[in-house]
Amino acid sequence: MKKLTTVLIAAGLLASATACSAQQQLTTAETCDRLGVAAAGIPSNVSPTAMTRVANAVRPIEPIASAEMKPVVTAILEFLDEQSKEEPTDAAKKSEREAKLAELGAAYQEAGTKYGELCRG
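Residues numbered from 1 in each chain as written. Predicted model: local features only at pLDDT ≥ 70, side-chain atom pairs only at ≥ 80, totals over all residues. Heavy atoms only, no water.

S.K.: How do you make sense of helix H4 (residues 70-83) when you look at a structure like this?
M.R.: Each turn of an α-helix holds 3.6 residues, which means side chains three or four residues apart point in the same direction. For H4, which comprises 14 residues, the first-to-last C-alpha distance of 20 Å matches the rise-based estimate of 20 Å (1.5 Å per residue) to within 8%. Looking at H4, one finds that the buried residues are Val-72, Val-73, Ala-75, Ile-76, Leu-77, Phe-79, Leu-80, Glu-82 and Gln-83. (Helix = DSSP H or I, 4+ residues; strand = E, 2+ residues; numbered from the N terminus. Expected span 1.5 Å × (residues − 1). Buried < 20%, exposed > 50% of the residue type's maximum accessible area, 1.4 Å probe, protein only.)

Pasting the structure below:
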């Protein structure tokens, strides 16, 4: 009887741990809500520290975002990550970073448009 009880308790703990660790995919509306809360932290000054904070708020949303919002969240996160990097002093690296920011900035703008369509109607 004692072994059966132990096995049942262990199985229950395992099942509850699995249920707690399994992340549910969000709906589009839930993703919009969470992204809206994270984006509210974007300050008017674009400092690396501020962008890091916002990127860290968006990062947990990416793996559980709805299928149609996942590219939006990814584009926003990539742009924020690049914005949070320090400005290089080397001219070649500076030019390379500016090109990358321009590319990511275009994707960020498209993500903003898609966010508006999906989240604001």
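Next comes the rest of the write-up.
S.K.: Sorry if this is basic, but what is going on with the state of the cysteines here?
M.R.: Should the sulfur atoms of two cysteines be covalently bonded, the bond is a disulfide. Summed over the entire model, instances satisfying the criterion amount to one disulfide. Put simply, Cys-32 and Cys-119 are joined by a disulfide, and their sulfur atoms are 1.8 Å apart. One quick way to see it: the torsion about the S-S bond of Cys-32 and Cys-119 is about -75°, and its sign makes the bridge left-handed. Of this pair, Cys-32 sits in helix H2 (residues 28-39) while Cys-119 is found in helix H5 (residues 91-120), placing the two residues 87 residues apart along the sequence. (Disulfide = S-S within 2.5 Å.)

S.K.: What should I look at first to understand the environment of Cys-119 in this one?
M.R.: Cys-119 gets classed as partly exposed once you look at its relative accessible area, which sits at 24%. The sequence separation of Cys-119 and Glu-30 amounts to 89 residues, and the corresponding C-alpha distance is 9.6 Å. Not counting the four nearest positions on each side in its chain, Cys-119 is found in contact with Cys-32 and Met-69. (Contact = heavy atoms within 4.5 Å.)

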